[in-house]
Each structure stands twice: as structure tokens, then as C-alpha cells.
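Here are the chains, one letter per residue:
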Amino acid sequence: PIRPRQPNVSKMSSSATTSSPPPPSSRESVVRDQYDIVRVAEWIHVNAFHRIAIQVPDELLKDAASICRALKRELDARTTTEDDKDSTDEGKKKRREVFVLADTTFGSCCVDEVAALHHNADCVVHVGFSCCSKTSRLNARMVFEEKSLEVDACAEKIREHAKSVLGESVNVVVVLMEQNRSWCSERMEKALAVGESEDGGKVRYVVSSMPPNVIEPTGEARIGKEDEETVRLTSASECGTNGENDDGNKIHVTLGAARLKYEREMDKDFKDPNTKAFVWVGDANSPALTHALLMISSATSDASPF
């Protein structure tokens with residue numbers, strides 16, 4: 001028997017899908033929120049970066065492709081049709097390339113400028129835990145994975161720990177928030193402040209704030225459309241930390257990547273190791289915990305009085 005000719009399915013599918021890009025996958029949609037894709041894309045767009053290197057630690061490599069696709073999709077939405085059709089050399093420069101760095105030269109907490117510069121990157125988007133050390137030439141945007149936290153329940157546990165374990169001699173409890181939970185630092189501070197007043201103010205709590213999410217180079221930088229002063233001010237406003245001179249009643253301390261701020265009246269208790277204790281809010285096996293412990297034990301200057 002003569003069999004009827006089968007239609008060319010692949011050719012039909014291709015012609016049906018070329019008119020519009022495929023919708024984002026469910027995983028890509030989760031990644032978009034989890035890794036702050038919209039604000040990262042805005043930072044790239046405002047500063048006119050065009051070759052973007054994504055640095056992802058080994059434990060988050062499973063999300064690398066989704067991060068790259070989500071960021072490229074968000075950047076494409078900000079590219080005009082005229083720029084996309086421009087085939088001149090200047091037009092090609094306007095098109096953005098997003099790529100993932102395969103291996104890091106140093107530890108994953110440091111921005112790998114060496115690998116990024118080998119690929120002529122304009123900037124680095126660093127994902128995961130960061131020591132927030134300065135870069136030399138490239139601008140870097142930190143992206144801290146956001147993990148959930150029951151803030152009120154956690155604050156209650158910290159208060160119970162201060163009462164039952166730390167003892168009467170402790171007057172100051174420093175709460176170090178892991179970077180992936182620092183998004184709720186302000187809520188934690190407010191929750192502990194309520195408990196502080198209920199407990200009669202015997203124990204004071206200092207909660208680390210969210211670390212800076214923009215790292216500026218110390219040397220030559222490839223800034224883009226905006227001048228360097230404008231970008232510097234933009235970066236400072238994104239950090240979410242107050243300057244040394246804007247609040248005379250508070251003392252600001254940098255502990256590695258952590259930022260602490262406390263009332264001047266607490267200074268004596270804060271500097272006394274016998275009246276101060278630390279509480280870690282984060283994963284027990286996190287490299288950030290090791291980093292914090294090393295910084296606490298080695299910080300002896302007036303700027304970091306531990």
C-alpha cells in the first residue's frame with residue numbers, strides 16, 4: 001500500500017516559533033527573583049556595559065545558565081529596535097554579550113578580574129558569597145542569593161539564647177546575618193528592638209546590615225555613558241550604609257564584608273570582649289561563617305574594635 005506523505009514537522013515548528021522568543025521557563029522565573037535580575041540589568045543598562053561576565057561559585061553552577069538567560073532577556077527588553085537592527089560597528093558595540101566565567105583564578109569570594117579581562121569584559125556580576133574586596137579595573141555588581149528566614153521566630157530564639165546561655169555579664173549581642181539572609185536585616189533589627197524594650201534594655205542588639213552590592217575599582221575603570229562621579233554616587237546610594245559624618249550619634253564598623261552600626265553610648269560595652277557576644281544567623285557550613293570568625297579574631301584596630 002502507498003503511505004501518505006508525512007508533513008515536515010520540524011520545518012513547521014521552526015516557522016511557527018521564529019516570530020517571537022520562547023517564554024521564560026519556570027526555573028528562569030524563579031531565578032529572576034532569587035538573583036535580583038531586574039536591578040542588575042538596570043545597573044548594566046544605566047552604565048552602558050556591553051560585555052558582562054557572570055561569576056558563579058561551584059555550589060550555584062546549576063543556576064548559571066538560567067541566570068545568564070534571564071539577564072540577557074531583561075537586557076534585550078531594554079534594547080531599542082533600532083539598536084538591534086543597526087549593523088554598523090557602532091551598532092554592534094551596543095549589543096550586549098552575557099557569558100559565564102568557567103573557572104576562577106582565586107577563591108570564589110573574590111571578583112575574578114583576571115579571567116574577566118581575558119575576555120574583554122566591561123564588568124563582572126558576582127553571584128554568591130563575597131568578601132567584598134576592592135577591584136582594580138572592573139566595576140562589579142554583587143548578587144546575594146536570597147534565602148527565606150522566619151524573622152520573628154529567629155529573633156525570639158536569639159533573645160532566649162541571650163537570657164539562658166550568654167549570662168548576666170553580656171550587655172551587647174552582635175547578630176551577624178549571612179549575606180543570603182541580610183535582605184531582612186532591618187526587620188530583624190526591629191524585631192529585636194521590640195524584645196529589647198520588653199526585657200528592660202538589659203541586653204542591646206546590633207544587627208549587621210546588608211553589604212554593599214556595588215564594588216568600584218581603585219584604578220582605571222571603564223564607566224560608560226555616565227561620568228565617574230555620577231556612578232560613584234549611584235554606587236554609594238545602593239550600598240545602603242550611612243557615611244561616617246551623617247550621624248554623629250552612631251559608630252560605624254566594618255567587619256570584612258559585614259557592616260555594623262551602633263549607638264556611641266554602647267561603645268564601652270561593645271569594645272569589651274567580656275560584655276559582648278556574637279550570634280550567627282545563617283548556614284552552619286557556610287564559608288561566610290569561617291570568614292567572619294577569622295575577621296573577628298584578627299580585627300584589633302580602632303576601626304574594627306573586636
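Residues numbered from 1 in each chain as written. Predicted model: local features only at pLDDT ≥ 70, side-chain atom pairs only at ≥ 80, totals over all residues. Heavy atoms only, no water.

### Considerations on the overall build of the protein chain
- Along its length, the protein chain carries twelve helices and ten strands.
- Burial statistics for the protein chain: of 306 residues in total, 42% are counted as buried.
- Counting contacts in the protein chain only where the partners sit at least 6 residues apart, residues at least 24 apart contribute 72% of the total. (Helix = DSSP H or I, 4+ residues; strand = E, 2+ residues; numbered from the N terminus. Buried < 20%, exposed > 50% of the residue type's maximum accessible area, 1.4 Å probe, protein only. Contact = heavy atoms within 4.5 Å.)

### Considering the sheet that holds strand β7 (residues 214–215)
- Read across the sheet, five strands follow the order β2-β1-β3-β4-β7 without closing on themselves; strand pairing throughout is mixed. Only two strands of the sheet have a single neighbouring strand rather than two, namely β2 (97–100) and β7.
- Strand direction decides the pairing type here: strand β1 (residues 51–55) and β2, joined by four bridges, are parallel. Each residue of the ladder has a partner; that of I52, found in β2, is V98.
- This element, helix α3 (residues 37–46), spans β1, β3 (123–127), β4 (139–143) and β7 of the sheet and lies at about 170° to β4.
- Strands β1, β2 and β3 of the sheet are contacted by helix α4 (residues 64–77), whose axis makes an angle of about 170° with β2. (Pairing = 2+ DSSP bridges. Axes fitted to C-alpha atoms, helices over the stretch in contact; angles between N-to-C directions.)

### What about the state of the cysteines?
- Under the criterion given, the structure shown has zero disulfides.
- Considering cysteine sulfurs only, C131 is the nearest to C109, which forms no disulfide, with 3.7 Å between them. (Disulfide = S-S within 2.5 Å.)

### Quick look at the pairing of β4
- Within β4, five of the five residues are buried, leaving the element largely enclosed by the surrounding structure.
- The alternating pattern of β4 places N139, R141 and V143 and A140 and M142 on opposite faces, both of which are buried.
- With five bridges connecting them, β3 and β4 associate as parallel partners. Residue pairing across strands places V124 opposite A140, the latter belonging to β4.

### Brief notes about the environment of A162
- Structurally, A162 can be placed in helix α8 (residues 151–166).
- For the pair formed by A162 and A277, sequence separation is 115 residues and the distance between their alpha carbons is 8.8 Å.

### Quick word on empty space enclosed by the protein
- Tallied over the entire structure, the rule returns three cavities of 30 Å³ or more.
- When its volume is computed, the largest cavity comes out at roughly 180 Å³.
- Lining of the largest cavity is provided by 18 residues; of these, M177, Q179, A257, A258 and W280 occupy positions nearest its centre.
- Looking at the lining of the largest cavity, the elements with two or more residues in it are β5 (172–177), β9 (258–263) and α12 (287–298).
- Sort the elements by how many residues they give to the lining of the largest cavity and α12 lands first, with four residues.
- Of the residues in the lining of the largest cavity, the class split is eleven nonpolar, five polar and two charged.
- Lining the second largest cavity, in full, are D36, R39, R141, M142, V143, F144, E146, M210 and N213.
- In terms of residues, the lining of the second largest cavity owes the most to one element, β4, which gives three residues. (1 Å grid on protein atoms, 1.4 Å probe; cavity = no way out; pocket = protein on both sides within 12 Å on 5 of 7 lines; lining within 4 Å. Points joined across faces, edges and corners; volume = space filled by probe spheres on them. Nonpolar A, V, L, I, M, F, W, Y, C, P; charged D, E, K, R; others polar.)

### Notes on the pattern of salt bridges
- Here the structure, examined in full by the defined rule, presents 14 salt bridges.
- Between E97 and R51 there is a salt bridge, with its nearest N and O atoms 3.0 Å apart. Taken together, the residues span a long stretch of sequence, with E97 in strand β2 and R51 in strand β1 at a distance of 46 residues.
- By relative accessible area, which is 23% here, R51 ends up partly exposed.
- A salt bridge links E263 to K250, with the nearest nitrogen and oxygen atoms 2.6 Å apart. A residue pair is termed long-range when its members are at least 10 positions apart, and E263 in strand β9 and K250 in strand β8 (residues 250–255) qualify at 13 residues. (Salt bridge = Lys/Arg side-chain N within 4 Å of Asp/Glu carboxyl O.)

### Section: the sheet that holds β5
- Spatially, β6-β5-β10 is the arrangement adopted by the three strands of the open sheet, whose pairing is parallel. Sheet topology places β6 (204–207) and β10 (276–281) at the edges, where each strand pairs with a single neighbour. Averaged over all pairs of adjacent strands, the angle between strand axes in this sheet comes to 25°, irrespective of strand direction.
- Pairing geometry for β5 and β10, over six bridges, is parallel. Looking at the pairing, L176 lines up with W280 of β10.
- Its contacts with the sheet put α8 on β5, β6 and β10, and the angle it makes with β10 is roughly 145°.

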